[in-house]
Amino acid sequence: MSDFTVNPLVWVGIGSSFAFSGLFYRLYQDKKKELEKIKEIPIFKPDRHLVSVLRTTPHKKLQYVAVEGMVQADGEPITSQYVPRCFGVIQKIAVEEHWKYWNSFTRTWNSRTMNKKETNNSVPFSLVSPSAYINDLYVKVQNPLEASGDFLDRVYHKIKHAETDLVNIVLQGVSGEKPGSLEEKEEMLKVGSTLTGFGEVVLEGGEVMRLQAPQDGRKYILVPGDYRSFMDRHESSASMWKSLTALTGITGTTLLAAVIYNIVGDQDQKSK
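Residues numbered from 1 in each chain as written. Predicted model: local features only at pLDDT ≥ 70, side-chain atom pairs only at ≥ 80, totals over all residues. Heavy atoms only, no water.

(A) Expanded view of the overall build of the chain. Regarding its fold elements, the chain presents four helices and 12 strands. For the chain, with 272 residues in total, the buried portion stands at 33%. In the chain, the proportion of contacts linking residues at least 24 apart, taken out of those at least 6 apart, comes to 72%. Of the accessible surface of the chain, which amounts to about 16900 Å², a share of 55% is contributed by carbon and sulfur atoms. (Helix = DSSP H or I, 4+ residues; strand = E, 2+ residues; numbered from the N terminus. Buried < 20%, exposed > 50% of the residue type's maximum accessible area, 1.4 Å probe, protein only. Contact = heavy atoms within 4.5 Å. Areas by Shrake-Rupley, 256 points an atom, 1.4 Å probe, with all protein chains shown as cover.)

Written out as structure tokens, the structure is:
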């Protein structure tokens, strides 16, 4: 019997490495399958080619495609409440108060959020081809607030800390509460930004196109940027999971090989 003993933490490290390697490999395979499905989705721009394709399809409809274009308001855009000369088609404003209350048990001030208010505004907008001199062709985006995706840009964020004076200090001692700060945030889908929408495209009338939620149950998605940057983000995510799979797998194999080497070496010395 060998006298060589292995620290239990080493076995924990080996098991954890292989367990994480298996988890990361599964995440990599899931992301790889997702990438393959995304690559099967046809990509279009708001141009005459899309109109021609729609005219040749049954019911003048494409069930699930990606449309990449530049955001343009159909009428008057929304003006930012905080940023001058900033215009958009979707606006989300969130204002919340952060208060502190005295915890007599721990004798510390704890924080909590109160009076959170959120306002959403939107105006009809379309996607147009950024390379077109005259935007006579466009794809109307229907019900964008029902779409998933993080497509709003934060245009304003400010935290206003409460001022402390003698009157407030007295009131804080009586009530056990004091104002901490007021946080204001504004997010917008700005006019002129690039947006890629995944959904169903329908041709109405002669050349009026509309992007809407798919009727076959697939997700209606709006993502910021062009299609290529969207794919780059997914490929980077897949590469990250692949690298973590290799790293944790190599770590576990190295630790296991070191343990086996030490056990075999100890047995050889005993046999001599």
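There's more to say after this.
(B) The pattern of salt bridges, seen in detail. Throughout the structure, instances matching the rule amount to 12 salt bridges. Salt-bridge contacts for Glu-118 lead to Lys-92; the nearest nitrogen and oxygen are separated by 4.0 Å. Of this pair, Glu-118 sits in strand 5 (residues 108–122) while Lys-92 sits in strand 4 (residues 87–103), and the two are 26 residues apart along the sequence. Take Lys-92: its relative accessible area is 27%, and that puts it in the partly exposed class. Taking the shortest distance from any N to any O, the salt bridge between Glu-204 and Arg-210 comes out at 1.5 Å. The partly exposed category is assigned to Glu-204, whose relative accessible area is 34%. Each of Arg-48, Arg-55 and Glu-207 takes part in one network of salt bridges that share partners. (Salt bridge = Lys/Arg side-chain N within 4 Å of Asp/Glu carboxyl O.)

(C) Focus on the packing of aromatic side chains. Summed over all chains, the structure comprises six aromatic pairs. For the pair Tyr-82 and Tyr-156, a centre-to-centre distance of 4.2 Å together with 5° between the ring planes defines the contact as stacked. Here Tyr-82 is found in the loop between strand 3 (78–79) and strand 4, whereas its partner Tyr-156 is found in strand 8 (residues 153–161), with 74 residues between them in sequence. By relative accessible area, which is 22% here, Tyr-82 ends up partly exposed. Judged by centre distance (5.1 Å) and plane angle (45°), the rings of Phe-198 and Phe-230 are tilted. Within this pair, whereas Phe-198 is found in strand 10 (residues 194–204), its partner Phe-230 is found in helix 4 (residues 227–271), the two being separated by 32 residues in sequence. By the burial criterion, Phe-198 is buried, and Phe-230 matches it. (Phe/Tyr/Trp six-rings, centres within 6.5 Å; stacked < 30°, edge-to-face > 60°.)

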